[in-house]
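Listed below are the residues making up each chain.
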Amino acid sequence: MANPSCEISTRGPIITHVIFDMDGLLLDTEKFYTQVQEIILARYNKTFDWSLKAKMMGKKALEAARVFVDETGISNSLTAEQFLEEREEMLRNLFPTSELMPGATRLIRHLHENGIPMCVATGSHARHFSLKTQRHGDVFSMMHHVVLGDDPEVKQGKPFPDIFLAASKRFEGGPVDPQKILVFEDAPSGVAAAKNAGMSVVMAPDPRLDISHHKAADQVISSLLDFSPRNWGLPPFQEL
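Reference entry: report on the structure contained in this document. Bear in mind that the values here come from a model prediction, so they are computed numbers and not experimental data. Per-chain numbering applies: the sequence of each chain, read as written, is numbered from 1 onward. At least 70 in pLDDT is required for a residue's local features to be given in this predicted model, at least 80 for side-chain atom pairs to be given and counted, and no such filter applies to totals for whole chains, interfaces and linings, which use all residues. Side-chain measures here rest on the full set of heavy atoms in the structure, leaving out hydrogens and waters.

### Things to note about helix H9 (residues 188–196)
Of all the residues in H9, the buried ones are Pro-188, Ser-189, Gly-190, Val-191, Ala-193 and Ala-194. If you follow the buried residues of H9, they end up packed against helix H2 (50–56), helix H8 (162–169), strand S4 (181–185) and strand S5 (200–203). Partly exposed describes any residue whose relative accessible area lies between the buried limit of under 20% and the exposed limit of over 50%, with all areas from a 1.4 Å probe on protein chains only and scaled to the type maximum. In DSSP terms, a helix is any run of H or I states spanning at least four residues, a strand is any run of E spanning at least two, and both are numbered starting from the N terminus. Should any heavy atoms of two residues lie within 4.5 Å, those residues are considered in contact.

### Remarks on the side chain of Ser-98
Note that Ser-98 resides in the loop between helix H4 (80–94) and helix H5 (104–113). Polar contacts here mean pairs of N or O atoms no more than 3.5 Å apart (in protein, one a potential hydrogen donor and the other a potential acceptor; neighbouring residues in sequence count only if both atoms are side-chain atoms). Engagement of the side chain of Ser-98 in a polar contact is seen with the backbone oxygen of Phe-95, the distance being 2.6 Å. When residues no more than four places from it in sequence are discounted, the contact partners of Ser-98 are Thr-29, Phe-32, Lys-132, Arg-135 and His-136.

### Concerning the packing of helix H1 (residues 30–42) against H4
Between N-to-C directions, angles span 0 to 180 degrees; the directions come from axes that are lines fitted to C-alpha atoms, helices contributing only their stretch in contact. Interhelical geometry of H1 versus H4 gives an angle of 135° and a closest axis separation of 10 Å. Of the possible angle classes, the one that applies to H1 and H4 is oblique. Of the two elements, H1 crosses H4, and the hand of that crossing is right-handed. Note on element contacts: H4 touches H1 through Phe-83, Glu-86, Arg-87, Met-90, Leu-91 and Leu-94, opposite Phe-32, Tyr-33, Gln-35, Val-36, Gln-37, Ile-39 and Ile-40. Under the scheme applied, nonpolar residues are Ala, Val, Leu, Ile, Met, Phe, Trp, Tyr, Cys and Pro; charged residues are Asp, Glu, Lys and Arg; polar residues are all the others, including Gly. For the contact of H1 with H4, a count of residues per class yields nine nonpolar, two polar and two charged. Orientation categories follow fixed angle ranges, with anything under 35 degrees roughly parallel, anything over 145 roughly antiparallel, 65 to 115 roughly perpendicular, and all other angles oblique. Each helix crossing is assigned a hand: it is left-handed if the near helix lies turned anticlockwise from the far helix by less than a right angle, otherwise right-handed if that turn is clockwise.

### Focus on empty space enclosed by the protein
It is a probe the size of a water molecule, rolled over the atoms, that shows where empty space is left. Residues are called lining when one of their atoms sits within 4 Å of a cavity or pocket point, these points coming from a 1 Å grid over the protein atoms alone, where a cavity is a set in which a 1.4 Å probe fits but cannot get out and a pocket is an open set with protein on both sides within 12 Å along at least five of seven lines. Grid points are joined across faces, edges and corners, and a volume is the space filled by probe spheres set on the points. Scanning the model with the defined rule gives two cavities of 30 Å³ or more in all. By volume, the largest cavity is sized at about 330 Å³. Contributing elements (two or more residues each) for the lining of the largest cavity: H1, H2, helix H3 (61–71) and helix H6 (126–133). The space that makes up the second largest cavity amounts to roughly 40 Å³. If you go around the second largest cavity, the residues you meet are Gly-58, Lys-60, Gly-123, Gly-149, Val-154, Gly-157, Lys-158 and Ile-163. A class-by-class count of the residues in the lining of the second largest cavity yields two nonpolar, four polar and two charged.

### A look at the sheet that holds strand S3 (residues 145–147)
Note on pairing: DSSP must find at least two bridges between two strands before they are called paired. With parallel pairing, the six strands of this open sheet are ordered in space as S3-S2-S1-S4-S5-S6. Every other strand in the sheet has two partners, leaving S3 and strand S6 (219–220) as the edge strands with one partner each. In this sheet, S6 lies alongside S5 in parallel orientation, the contact comprising two bridges. Among the inter-strand pairings, Val-202 is bridged to a residue of S6, identified as Gln-219. Set on the sheet, H9 makes contact with S4 and S5; between it and S5 the angle comes to about 165°.

### Comments concerning the packing of aromatic side chains
Aromatic contacts are taken between Phe, Tyr and Trp rings whose centres are within 6.5 Å, Trp giving its six-membered ring; a plane angle under 30 degrees counts as stacked, one over 60 as edge-to-face, and the others as tilted. For the coordinates displayed, the defined rule picks out seven aromatic pairs. Their ring planes at 15° and their centres at 4.2 Å tell us that Phe-68 and Phe-83 sit as a pair that is stacked. Here Phe-83 lies in helix H4 and Phe-68 lies in helix H3, a separation of 15 residues in the sequence. On the numbers, 5.8 Å between centres and 90° between planes, the contact of Phe-129 with Phe-140 is edge-to-face.

### Focus on the pattern of salt bridges
Only one rule defines a salt bridge in this text: a Lys or Arg side-chain nitrogen within 4 Å of an Asp or Glu carboxyl oxygen. Here the structure, examined in full by the defined rule, presents 14 salt bridges. A salt bridge links Lys-132 to Asp-23, with the nearest nitrogen and oxygen atoms 2.8 Å apart. Of this pair, Lys-132 sits in helix H6 while Asp-23 sits in the loop between strand S1 (17–20) and H1, and the two are 109 residues apart along the sequence. As far as burial versus exposure is concerned, Lys-132 and Asp-23 are alike and both buried. Its salt-bridge partner being Glu-30, residue Lys-53 comes within 2.9 Å of it at the nearest N-O pair. Taken as a pair, Lys-53 in helix H2 and Glu-30 in helix H1 lie far apart in primary sequence, 23 residues in all.

If you want it as structure tokens, here you go:
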């Protein structure tokens, strides 16, 4: 069951490695997807809501596109592939403006300085990853590795555990015991993928996401600013 940050206590086994999702967790990119999808749906006199977004978040692009056209009832007018092609051009202009989410730099730098191995496991493909992160190389350079949605080892997207299991294998001395890995996610499908991989997960969801999606996470926080490493047996932040 999900717990607010104040109810989490140190537990075993001790967390030794951390995996971060990216979109909506480290980078404020989910708003771009929402913006573009609202534009596309407006042509069909339909609206894009958060119940649909929750079903799409964290999935591979084509999987999310199929959900989009099927759930909105436009699949006879626009295929998943056509949707992706149309969306691509608009997103490519938006991604380079991506900003880091509150608390992301502080947490990543803290873990890096304390020798905690970290990586990113994102459904984004290589071409999108480079656009989104081009202004934030200093932060992403602290990651041991990155596993992308188009990685050949990721056969199935979230909520399947493929991407997190692949990420655990690529740490030095891997694979790392899943019980020693803490995953940070914002999406319901990502939380499910982490749990399916046997890992603990902290969820930092968008406040517009229905709270029914919180229950699978081990901890729910409002933002990365609210995360206390001490509660997970990780080196604590230094008091000012």
